[in-house]
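So the chains spell out like this:
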Amino acid sequence: MGTVSIFVPIPKVTKLELVFRDEVYLAGQNIDGEVILELSDTLFLYSLKLKFAGKGFVEWIEETDQSLDYTRAVHCSNKEDYFHHILTLWGADHDAEGLEQVLVAGPHSFQFNYKLSSDIPSSFTSKHGKIRYYLRAFCTAVSGTLAQVEKELRVQETYNLNLDPQTKLPVMVEAEKGVSYLCWTFPGISLRVSIDKGGFVPGEEVIITSHINNRTPKNVKSISYSLYSEIKYKAFIQEAFCDHFREFVEKMTMIKTNPTVDIPPRNDTKIVGLLQLPSPLIVSDMSRCRIISVQYWLVVAISIPGTRTSVSVSAPIKIGTTPVQLYK
C-alpha cells in the first residue's frame, strides 16, 4: 500500500480519502480514481484540489583530501523534479477572498483522471537516493488548508528491450576455483552458467542453466541465484564558489534464493534453476534520470565443500518493460 498521512482536520471534516488502484503504473499510463470528502455540517470552502508530483534526490557524505594528514567531510547532494500539477476537483481555481462556496453536510465523491508523463523514471528508494511520486488531495478555506491526505504512487519507467540487439543474444559465463592448502592446490569446482537471452522485464522468471563439475571428494548441497545491482549516484559539491561533480557507487543484492541441490563428488551435473525478478525495477536505460543510473548482473554462486570459499559467475543483463521477442 502507498503511504497515507492525514493533516489534522477541523471537526466538520470527518473523512478525506484518496482512492485509486494500488498497483505499479507504467509511465504514460492513466490514473483513474476518486476523492471522498465527508462533512458533518455545512462548510464554506474555496476548493478541493488534487496535486500530482514526482521528484528525485540523492545525497551522501564523503571525505576529501584523503592524501593529506587531515580529511574533511563534505555533503554531496542533487535533486530533480519530474512533474508538479494541481487539478481543481471542486470550487475556485485560485483561492481569494469572496470566492468561498458552500458544500453541504454529507458524503461527496469527486472523480479524477490523470495521464502520467511518458518520460519519467521508475520509483526508487535506497539509503542514498529516492525517486518518489505521490498524489495529495486537500481542501482550502479562508483559514488555509483544512485537511489533506497523501498517497504514494509506484511508477515503472518504460524501455523496449527489442531496441537493443544485445538483449536477444544468449549469455554464457564460466569460472573455476581450486582448493588451496599450504603450498598445494587441489581440484575444486568449475561452473558454467548460461541464459537464453540478455534482457528481462520486472517480475519475469529467469531460467538459469548451470553446468557444475564437482571435483572435490564431498557433495555440493546448495547453489545461490541472485540479482545484483550497481547503482551510481551523481551529485555536486560547492568549493571555492564552483560546483564540483561527484559520483558514488552503491552495490545491492535485489533478490536472492538458495535452493538445495545434491551434486555427488567427482561428478559433472547440469542444473536448471529459476529466479523471479522483483517489481518494480529501475530500467537499465536511465536516460530519463540524470542523478541515478544502474547496471544489473545475474550472480550464481556455489560454496566449495569443506572450505570457506566459493566459486561464482556474474552475467550482465538488462532490465526493460517490453519483453524480448525471440524469433526461432
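So, here's what we can say about the structure.

The rules we used
Residues numbered from 1 in each chain as written. Predicted model: local features only at pLDDT ≥ 70, side-chain atom pairs only at ≥ 80, totals over all residues. Heavy atoms only, no water. 1 Å grid on protein atoms, 1.4 Å probe; cavity = no way out; pocket = protein on both sides within 12 Å on 5 of 7 lines; lining within 4 Å. Points joined across faces, edges and corners; volume = space filled by probe spheres on them. Helix = DSSP H or I, 4+ residues; strand = E, 2+ residues; numbered from the N terminus. Nonpolar A, V, L, I, M, F, W, Y, C, P; charged D, E, K, R; others polar. Buried < 20%, exposed > 50% of the residue type's maximum accessible area, 1.4 Å probe, protein only. Contact = heavy atoms within 4.5 Å. Salt bridge = Lys/Arg side-chain N within 4 Å of Asp/Glu carboxyl O. Core = buried A, V, L, I, M, F, W, Y, C linked by side-chain atoms within 4.5 Å. Pairing = 2+ DSSP bridges.

**Regarding the layout of surface pockets**
Step number 1: By volume, the largest pocket is sized at about 250 Å³.
Step number 2: What lines the largest pocket is a set of 16 residues, and nearest its centre among them are Asp164, Gly198, Pro316, Ile317 and Lys318.
Step number 3: At the level of elements, β22 (292-303) and β23 (310-319) are the ones that each hand at least two residues to the lining of the largest pocket.
Step number 4: Residues that form the lining of the largest pocket fall into these classes: 8 nonpolar, 5 polar and 3 charged.
Step number 5: Approximately 160 Å³ is the volume found for the second largest pocket.

**Focus: the environment of Val283**
Step number 1: Within the secondary structure layout, Val283 lies in the loop between β21 (267-276) and β22.
Step number 2: Owing to a relative accessible area of 0%, Val283 belongs among the buried residues under this scheme.
Step number 3: Considered as a pair, Val283 and Val311 are 28 residues apart in the sequence and their alpha carbons are 28 Å apart.
Step number 4: Once you skip the residues sitting within four places of it in the chain, Val283 turns out to touch Ser122, Gln156, Glu157, Tyr159, Val294, Ile319, Gly320 and Thr321.

**A short note on the environment of Tyr134**
Step number 1: By secondary structure assignment, the location of Tyr134 is in strand β11 (residues 129-141).
Step number 2: Looking at Tyr134, the relative accessible area reads 4%, which means it is buried.
Step number 3: Between the C-alpha atom of Tyr134 and that of Gly54, which follows or precedes it by 80 residues, the distance is 6.5 Å.
Step number 4: Excluding its chain neighbours within four sequence positions, the residues that come into contact with Tyr134 are Lys51, Phe52, Ala53, Lys55, Glu150, Lys151, Glu152 and Leu153.

**With respect to the pattern of salt bridges**
Step number 1: All told, the structure shown has 15 salt bridges when counted by the stated rule.
Step number 2: Across the salt bridge formed by Glu150 and Arg132, the nearest N and O atoms sit 2.3 Å from each other. With Glu150 in strand β12 (residues 144-156) and Arg132 in strand β11, this pair connects stretches of sequence that are 18 residues apart.
Step number 3: A salt bridge links Lys197 to Glu204, with the nearest nitrogen and oxygen atoms 2.8 Å apart.
Step number 4: Look at the salt bridges and you will find they share partners, linking Arg132, Arg136, Glu150 and Glu152 into a network.

**Here we look at the nonpolar core**
Step number 1: By size, the foremost hydrophobic cluster in this structure holds 82 residues, and its most contacted members are Phe112 and Ile292.
Step number 2: Sequence-distant contacts of Ile292, that is, excluding residues within four places in its chain, are made with Val58, Phe124, Ile131, Ile231, Lys232, Tyr233, Ile282 and Met286.
Step number 3: Listed in part, the 5 residues of the second largest apolar core include Leu161, Val201, Val283 and Val324.

**Describing the pairing of β11**
Step number 1: A large share of β11 lies buried, amounting to 10 of its 13 residues.
Step number 2: Pairing geometry for strand β10 (residues 124-125) and β11, over 2 bridges, is antiparallel. Note that in β11 the partner of Thr125 across the bridge is Lys130.
Step number 3: Connecting β10 to the antiparallel partner β11 that follows it, the hairpin turn spans 3 residues.
Step number 4: Two strands pair when backbone bridges link them, and β11 and β12 are joined in this way by 9 bridges, in the antiparallel orientation.

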